[in-house]
Amino acid sequence: MYNIFKSRMAAIGLKNVDIIRIINQRYNEHLIPPTFSAALTASHKTPRQEKICDWAEEILTEKEKEQKQ
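Residues numbered from 1 in each chain as written. Predicted model: local features only at pLDDT ≥ 70, side-chain atom pairs only at ≥ 80, totals over all residues. Heavy atoms only, no water.

## Let's talk about the overall build of the protein
Looking only at helices and strands, the protein features 4 helices and 0 strands. Taken from N to C terminus, the helices and strands of the protein fall in the order α-α-α-α. For 69 residues, the compact-globule estimate of 2.2 N^0.38 gives 11 Å, and the C-alpha radius of gyration of the protein, at 11 Å, lies within 12% of that figure. Overall, the C-alpha framework of the protein stretches about 35 × 25 × 15 Å when taken along its three principal axes. Within the protein, the fraction of its 69 residues that count as buried is 32%. Relative to all contacts within the protein whose residues are 6 or more apart in sequence, the contacts with residues 24 or more apart total 54%. Accessible area for the protein stands at about 4600 Å²; split by element, carbon and sulfur atoms hold 52% of it. Each charge sign in the protein was given a centre, from 11 positive and 9 negative side chains, and these centres are 4 Å apart. (Helix = DSSP H or I, 4+ residues; strand = E, 2+ residues; numbered from the N terminus. Rg over C-alpha atoms; globule rule 2.2 N^0.38 Å. Buried < 20%, exposed > 50% of the residue type's maximum accessible area, 1.4 Å probe, protein only. Contact = heavy atoms within 4.5 Å. Areas by Shrake-Rupley, 256 points an atom, 1.4 Å probe, with all protein chains shown as cover. Lys, Arg positive; Asp, Glu negative; His and termini not counted. Charge placed at Lys NZ, Arg CZ, Asp CG, Glu CD.)

Have a look at this one:
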């Protein structure tokens, strides 16, 4: 899953810190880079890690749609 996120982010010019910043602002989280990376790479996810992946997926989808327009 991590490689898929990384390739999608690279395709639209985003970095991990960009996604983390958006999650922190939009969802009032205090997310740090190691926590974000752990959520994407974990094989057995905790509920918080699942939320982080869902949020990242949502943000990537939005940014991809914006770029296509």
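## Some thoughts on the environment of Lys-6
Summarising the element assignment, Lys-6 is placed in helix α1 (residues 2-12). We classify Lys-6 as partly exposed; its relative accessible area is 32%. The spatial distance from the C-alpha of Lys-6 to the C-alpha of Asn-16 is 8.2 Å, given a sequence separation of 10 residues.

## Details of the side chain of Gln-49
The topology assignment puts Gln-49 in helix α4 (residues 47-68). Using a relative accessible area of 15% as the deciding quantity, one classes Gln-49 as buried. Here the side chain of Gln-49 touches Thr-46 through a polar contact of 3.0 Å, landing on its backbone nitrogen. What Gln-49 contacts, discounting residues up to four positions off in sequence, is Ala-38, Ala-39, Ala-42 and His-44. (Polar contact = N/O pair within 3.5 Å; in protein donor to acceptor, adjacent residues only side chain to side chain.)

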